[in-house]
Amino acid sequence: MPLLYTGRRRTKLDRKYNGPARQGPVRHISPAQLNLERVYEQNRLNSQKKDVAKVPEPAPGPAAKGKPRLLLMGQRRSGKSSISSVVFHKMPPNETLFLESTARIQKDSMHSFMDFQVWDFPGQVDFLDPSFDLDAIFGEIGALIWVIDAQDEYLEAINRLNSTILNLQPSYPNINIEVFIHKVDGLSDDYKLDIQRDIMQRIQDELSDHGIENAPINYHLTSIYNHSIFEAFSKVIQELIPHLPTLEALLNDLCRSCRFQKAYLFDVLSKIYIATDSSPVDMPSYEICSDYIDVIVDVSEIYGWARPSEYIAQLEGEPWNKKLEDQVACKDAESAIVLTDMKRPIMLREVNKYLALVAIMREGSFEKMPLVTMNVETVVAGLTEVFEITKQRK
């Protein structure tokens, strides 16, 4: 009797939220054909492991050294490649459905306010195998991001995470471990919290049994279909910034002197905020500021164009006789809008080509705009000086 293949395995959440199983397309497979497919799949996995064994060695040259690494790990189909594509490559979330499963380590170098690397690891390969060089993988690690699919069985993912932590603890005791409880979109708030508590309890119990108490692990509820994934990566990146307290102190002084409701220092390319003031983060305000950056960037790409040298010479000639830099009050991007629903102005000021300061002002702040502008200029100068000093030390 031929065997029947009915598509992917349904999880408990599928049965809970989608109801009874639907009869999908049925494919008839003979026993001989099934054996051939098993042999083919085994050979494919063996070849992948041989390919991956050659990848962890960093590329020669200074570009591969001195950059902190963010390692994306987890089970297959947990969403690692989708996270990397959405956050760092601006891929629309809906298009991640067409991404293929990762077969080898995918390395991306990010050139921003701080150069770092993002390594996307295939989930089917065990990198704790003695044949792999752990120091080549974890030697310059900035953070280990373990992605857990909240809509699938996660016991095996937890077991692999605990095994990874226990094996890395003797050699890398200070490693930052971030757990992304991913694909929580569509789940109720109570169910999200239940899953998070269950995962936290299982991880802590297992580590406690092996003598590791109060392990420094951070947990984040994430989804690529909202800003929660950017919020989580903001927390991860902030752990890698040595001068974070200085940046936060500057933003606190700015909010206090200008009576700002909230201030963020954004990485323009990824929309990750690398610093904010000490007031609690309000997700709606963060989403508004993030979308505002998209608007400004899109407008700049449309209207920002390279002026011909003849046109520049004409602008710098009679009757002004000045360089363009001396003719404008601010050569960086600057913008302000007022939200009609809440009557709160939002101000954006470019710090450099990578960073932008975005602040949510209080109602009626336009009356003191000259004073606000002066304070913002002072803080931007301070932020620029901090990054210049840090660059010189490196």
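Provided above is the structure to which this section pertains.
Position numbers for residues start from 1 in each chain and track the written sequence from start to end. Local features in this predicted model are restricted to residues whose pLDDT is 70 or higher, and side-chain atom pairs enter the listing and the counts only when it is 80 or higher, whereas totals over whole chains, interfaces and linings include all residues. Derived side-chain values reflect all non-hydrogen atoms in the structure, with water molecules and hydrogen atoms excluded from consideration.

Enquirer: Got a minute to help me understand the environment of Lys-192 in this structure?
Expert: Helix and strand definitions here come from DSSP, where helices need a minimum of 4 consecutive H or I residues and strands a minimum of 2 consecutive E residues; each element is numbered from the N-terminal end. Residue placement: Lys-192 occurs in helix 6 (residues 189-209). Here the alpha-carbon distance between Lys-192 and Leu-221, two residues 29 residues apart in the chain, equals 7.7 Å. Residues in contact with Lys-192, not counting those within four places in the same chain, are Val-184, Leu-187 and Leu-221. Throughout, a contact is declared for two residues whenever any of their heavy atoms are within 4.5 Å.

Enquirer: Sorry, what's going on with the packing of helix 5 (residues 155-168) against helix 6 here?
Expert: Packed helices, taken two at a time, are described by the angle their axes make and the gap between the axes. Two numbers describe how helix 5 lies on helix 6: the axes approach to 10 Å, and their chain directions differ by 40 degrees. By the angle class used here, helix 5 and helix 6 are oblique. The interaxial crossing formed by helix 5 with helix 6 has right-handed handedness. Contact residues: helix 5 offers Leu-155, Ile-158, Leu-161, Asn-162, Ile-165 and Leu-166, while helix 6 offers Ile-199, Arg-202, Ile-203, Glu-206 and Leu-207. Axis definition: a line fitted to C-alpha atoms, over the contacting stretch in the case of helices. Angles run 0 to 180 degrees between N-to-C directions. Under this scheme an angle from 65 to 115 degrees is roughly perpendicular, one under 35 degrees roughly parallel, and one over 145 degrees roughly antiparallel; angles in between are oblique. For a crossing to be left-handed, the near helix must be turned anticlockwise from the far one by less than a right angle; the clockwise case is right-handed.

Enquirer: Would you mind showing me how to read the sheet that holds strand 8 (residues 217-221) here?
Expert: Strand-to-strand pairing in sheets goes through backbone hydrogen bonds, with the strands running parallel or antiparallel. Taking strand neighbours across the sheet as the criterion, the six strands line up as 4-5-3-6-7-8 in an open arrangement whose pairing is mixed. Strand pairing shows two members of the sheet lacking a second neighbour, strand 4 (106-110) and strand 8, which therefore form its edges. Averaged over all pairs of adjacent strands, the angle between strand axes in this sheet comes to 20 degrees, irrespective of strand direction. Here helix 5 sits on the sheet and contacts strand 3 (69-74), strand 6 (141-149), strand 7 (177-182) and strand 8; the angle it forms with strand 6, its principal contact strand, is near 160 degrees. Where helix 6 meets the sheet, it contacts strand 6, strand 7 and strand 8, and its direction lies at approximately 160 degrees from that of strand 8. Here the rule is simple: two strands pair whenever DSSP picks up at least two bridges between them.

Enquirer: What am I meant to see in the state of the cysteines here?
Expert: Any two cysteine sulfur atoms lying within 2.5 Å of each other are counted as a disulfide. Applying the stated criterion across every chain, the model contains zero disulfides. Not engaged in a disulfide, the cysteine Cys-255 finds its nearest cysteine sulfur in Cys-258; these two sulfurs lie 8.3 Å apart. For Cys-255, a relative accessible area of 9% gives the class buried. Buried, partly exposed and exposed residues are distinguished by accessible area as a fraction of the type maximum, computed with a 1.4 Å probe on protein chains only: under 20%, between the cut-offs, and over 50%, respectively.

Enquirer: So what exactly am I meant to see when it comes to the packing of aromatic side chains here?
Expert: Here a ring pair, both rings aromatic, is described through the centre-centre distance and the interplanar angle of the planes. Ring geometry is summarised as follows: Phe, Tyr and Trp rings, the Trp one being its six-membered ring, pair when their centres sit within 6.5 Å, and such pairs are stacked at plane angles under 30 degrees, edge-to-face over 60 and tilted between the two. If you walk through the whole model with that rule in mind, you get eleven aromatic pairs. Summarising the aromatic geometry, the rings of Tyr-264 and Tyr-273 are spaced 5.3 Å apart at their centres and angled 65 degrees between planes, so their arrangement reads as edge-to-face. Look at Tyr-264 and you get buried, because its relative accessible area is 0%. Take Tyr-273: its relative accessible area is 0%, and that puts it in the buried class. Sitting over the ring of Tyr-264, Lys-262 keeps its end group 5.7 Å from the ring centre. Positioned above the aromatic ring of Phe-230 is the side chain of Lys-271, whose terminal nitrogen or guanidinium carbon lies 5.2 Å from the ring centre. Charges are assigned to positions over rings by a cutoff of 6 Å between ring centre and Lys NZ or Arg CZ, combined with an angular limit of 35 degrees from the ring normal.

Enquirer: Which parts of the structure should I look at to understand unusual backbone geometry?
Expert: The phi angle of most residues is negative, glycine excepted, and most peptide bonds adopt the trans form. Located in the positive-phi region is Lys-90, a residue other than glycine, with phi close to 55 degrees. Along the polypeptide, Lys-90 turns up in the loop between helix 3 (80-89) and strand 4. The backbone of Lys-271 shows a phi angle near 65 degrees, a positive value even though the residue is not glycine. Secondary-structure assignment places Lys-271 in the loop between strand 9 (262-267) and strand 10 (272-276). By relative accessible area, Lys-271 is classed as buried at 11%.

Enquirer: Help me out: how do you make sense of the packing of helix 3 against helix 7 (residues 228-238) in this one?
Expert: At a minimum axis distance of 11 Å, the contact between helix 3 and helix 7 shows a crossing angle of 80 degrees. As summarised for this structure, helix 3 and helix 7 are arranged roughly perpendicular, according to the angle between their axes. Side by side, helix 3 and helix 7 meet where Ile-83, Val-86, Val-87 and Phe-88 of the first sit next to Ile-229, Phe-230 and Phe-233 of the second. Of the residues that constitute the contact of helix 3 with helix 7, the class distribution is seven nonpolar, no polar and no charged. In this classification, Asp, Glu, Lys and Arg are treated as charged, Ala, Val, Leu, Ile, Met, Phe, Trp, Tyr, Cys and Pro as nonpolar, and every other residue, Gly included, as polar.

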